[in-house]
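Read off the chains here:
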Amino acid sequence: HDCVVGNHVIMANSVALGGHVTVGDYANLGGLAAAHQFVRIGAYTMIGGLAGVSQDIPPYMIASGERARLYGLNQIGLKRHGFSSEVIQGLKKAYRMIWRETSVFSEGIARVRKEMEPFPELEALLDFIGSSKRSIARAE
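Treat the numbers as computed from the prediction; the structure is a model and nothing was measured.

### Thoughts on the overall build of the protein chain
If you tally the helices and strands in the protein chain, you get 4 helices and 11 strands. Whereas a compact globule of 140 residues would reach a radius of gyration of roughly 14 Å, the protein chain reaches 14 Å, a difference of no more than 12%. The dimensions of the protein chain, computed from C-alpha atoms along their principal axes, are 40 × 30 × 25 Å. Here the protein chain holds 140 residues, and the buried ones make up 45% of them. Accessible surface computed for the protein chain: about 7,400 Å², of which carbon and sulfur atoms make up 50%. For the protein chain, the centre of its 15 positive side-chain charges and the centre of its 13 negative side-chain charges are spaced 5 Å apart.

See below:
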């Protein structure tokens with residue numbers, strides 16, 4: 001109840017959304033995936049089948065697992081939706097800096113803001129992370 005589902009979202013069989021879940025545009029949720037109440041799933045994400053989403057999943061990511069973890073950037077989905085190779089490489093670099101190269105999440109975000117030139121998709125990613133109330137899923 002009271003869920004907000006964006007445009008062009010694909011949900012396979014038996015996807016369950018708890019109350020007040022927000023799903024961004026062009027997200028794909030695999031069969032039997034379940035999202036805990038108040039979770040946000042960002043635009044252009046891919047959630048694997050049987051995934052249990054208990055934390056926010058940032059835009060442009062792939063997440064899967066019993067307790068959903070991030071597995072990287074949804075590169076194929078972004079290519080299919082016409083994102084430029086420069087944008088995809090920039091998002092990939094930001095992912096690496098935030099989730100792979102630092103042990104402290106906030107340090108990775110600060111490093112991205114300091115070292116990378118801003119572009120709209122990066123700003124959308126950082127804004128999503130900054131506005132999280134349930135916390136952001138970690139990388140596998």
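### Here we look at the pairing of strand β10 (residues 61-64)
Residues M61 and A63 point to one face of β10 and are all buried, whereas I62 and S64, pointing to the other face, are not buried. Bridge analysis of strand β8 (residues 46-47) against β10 gives 2 bridges, and the strand direction is parallel. Across the sheet, I47 pairs through a bridge with A63, a residue of β10. Note that β10 and strand β11 (residues 69-73) share 4 bridges and pair antiparallel. Bridge pairing links S64 to R69 in β11. Between the end of β10 and the start of β11, which pair antiparallel, lie 4 residues, with G65 showing a positive phi angle near 115°.

### A short note on the side chain of T45
Along the chain, T45 falls in the loop between β7 (40-41) and β8. Apart from the residues lying within four places of it in its own chain, the contact partners of T45 are Y26, A27, N28, I57, P58, P59, Y60, M61 and N74.

### Quick notes on the packing of aromatic side chains
Tallying each qualifying case throughout the model produces 6 aromatic pairs. The interplanar angle of 75° and the centroid separation of 5.9 Å between the aromatic rings of Y60 and F83 together place this pair among those described as edge-to-face. Of this pair, Y60 sits in the loop between β9 (52-53) and β10 while F83 sits in the loop between α1 (75-80) and α2 (85-100), placing them 23 residues apart in sequence. On the basis of relative accessibility, which here comes to 7%, the residue Y60 falls in the buried class. With relative accessibility at 15%, the residue F83 sits in the buried group. An aromatic cluster of at least three residues, connected via ring pairs, comprises Y26, Y44, Y60 and F83. The ring centre of F105 lies 4.4 Å from the NZ or CZ of R138, which sits over that ring.

Definitions and cut-offs
Residues numbered from 1 in each chain as written. Predicted model: local features only at pLDDT ≥ 70, side-chain atom pairs only at ≥ 80, totals over all residues. Heavy atoms only, no water. Helix = DSSP H or I, 4+ residues; strand = E, 2+ residues; numbered from the N terminus. Rg over C-alpha atoms; globule rule 2.2 N^0.38 Å. Buried < 20%, exposed > 50% of the residue type's maximum accessible area, 1.4 Å probe, protein only. Areas by Shrake-Rupley, 256 points an atom, 1.4 Å probe, with all protein chains shown as cover. Lys, Arg positive; Asp, Glu negative; His and termini not counted. Charge placed at Lys NZ, Arg CZ, Asp CG, Glu CD. Pairing = 2+ DSSP bridges. Contact = heavy atoms within 4.5 Å. Phe/Tyr/Trp six-rings, centres within 6.5 Å; stacked < 30°, edge-to-face > 60°. Lys NZ or Arg CZ within 6 Å of the ring centre and 35° of its normal.

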